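# Breakdown of the fold
Chain by chain, the residues run as shown.
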Amino acid sequence: MLDWLRAWVDYQIALATPTGQINTVELPSGRALSLIGSLGLSSALTRDGEIWIDRNEDLFEATPNWRPANQDERCAVLACSQRRLYPELGVLLPQRPIDAPDCRHCAGRGTIGDIAVCEHCLALGWVSPEERKP
Ligand SMILES: [Zn+2]
């Protein structure tokens, strides 16, 4: 894993306070940095660069249900977190090819409305050139 990322996550975790903007969670692998969340969804970045999510369909369920994110979830969490919280995380996203068009489903925003992740581009705001439709 990238050495800078481990140091960066450690630094962010050190800045966390119970009432501050930076929050942490305890995962099986140790303390992790909280990333984006919404109703029924939390996400976190570990020191090893793994993304974990806690998704509960039952909004009143208080028991965390953390698991490693799959590839699509990882992309969406990183893209949204990079846009809203930590621009530094953009380097962990796929690099946009120069001829990659904006996603036509979200007009390049990566979200539908203000918060719903665009499922077509996984919040990137662009699609690979091969996916361009005539
Ligand atoms: Zn999109």
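Just so it is clear, the model here is predicted, and its values are computed rather than measured.

Structurally, Glu 73 is set in helix 2 (residues 71-84). Not counting chain neighbours up to four residues away, the residues in contact with Glu 73 comprise Ile 53, Arg 55, Arg 67 and Pro 68.

A few words on the domain arrangement of the protein. When the domains of the protein are assigned, the result is domain 1 (3-92) and domain 2 (94-134). Taking the mean C-alpha position of each, domain 1 and domain 2 sit 22 Å from one another. Counting residues at the interface gives eight residues for domain 1, matched by 11 residues for domain 2. Together, the buried faces of domain 1 and domain 2 total about 670 Å²; carbon and sulfur atoms form 63% of this surface. It is Cys 75, Arg 83 and Arg 84 in domain 1 that bury the most area against domain 2; as a group they hold 53% of the surface buried on that side. Counting across the interface, domain 1 meets domain 2 through zero salt bridges. Put simply, domain 1 and domain 2 have two residue pairs in polar contact (both at pLDDT 80 or more) between them.

Glancing now at the pattern of salt bridges. Evaluation of the coordinates by the stated rule reveals six salt bridges. Two residues, Asp 10 and Arg 47, come together in a salt bridge whose shortest N-O distance is 2.4 Å. You can see Asp 10 sitting in helix 1 (residues 3-15) and its partner Arg 47 sitting in the loop between strand 3 (41-45) and strand 4 (51-55), a full 37 residues away along the chain. Glu 26 is paired through a salt bridge with Arg 31; the nearest N and O atoms lie 3.0 Å apart. Arg 31 gets classed as partly exposed once you look at its relative accessible area, which sits at 39%. Connected through shared salt-bridge partners, Arg 55, Arg 67 and Glu 73 make up one network.

Reading the values: the criteria
Every residue gets a number counted from 1 within its own chain, in the order that chain's sequence is written. In keeping with the predicted nature of the model, local features appear solely for residues at pLDDT of at least 70, side-chain atom pairs appear and are counted solely at 80 or more, and the whole-chain, interface and lining totals rest on all residues. Hydrogens and waters are ignored; side-chain quantities use all the structure's heavy atoms. Elements are defined by DSSP. Helices are runs of H or I of four residues or more, strands are runs of E of two residues or more, and each kind is numbered from the N terminus. Contacts are assigned to residue pairs that have any heavy atoms within 4.5 Å of one another. Boundary definitions for the domains trace back to an automatic or database domain assignment. A 1.4 Å probe defines the accessible area here, and the buried area is the portion of it lost by two parts on being joined, summed over both. Salt bridge criterion: a side-chain nitrogen from Lys or Arg within 4 Å of a carboxyl oxygen from Asp or Glu. Any pair of nitrogen or oxygen atoms within 3.5 Å is treated as a polar contact; in protein, a donor-acceptor pairing is required on top of that, and neighbouring residues in sequence qualify only through side-chain atoms on both sides. Per-residue accessibility, obtained with a 1.4 Å probe over protein chains only, is compared with the maximum for each type, and a residue is labelled buried under 20%, exposed over 50%, and partly exposed between these values.

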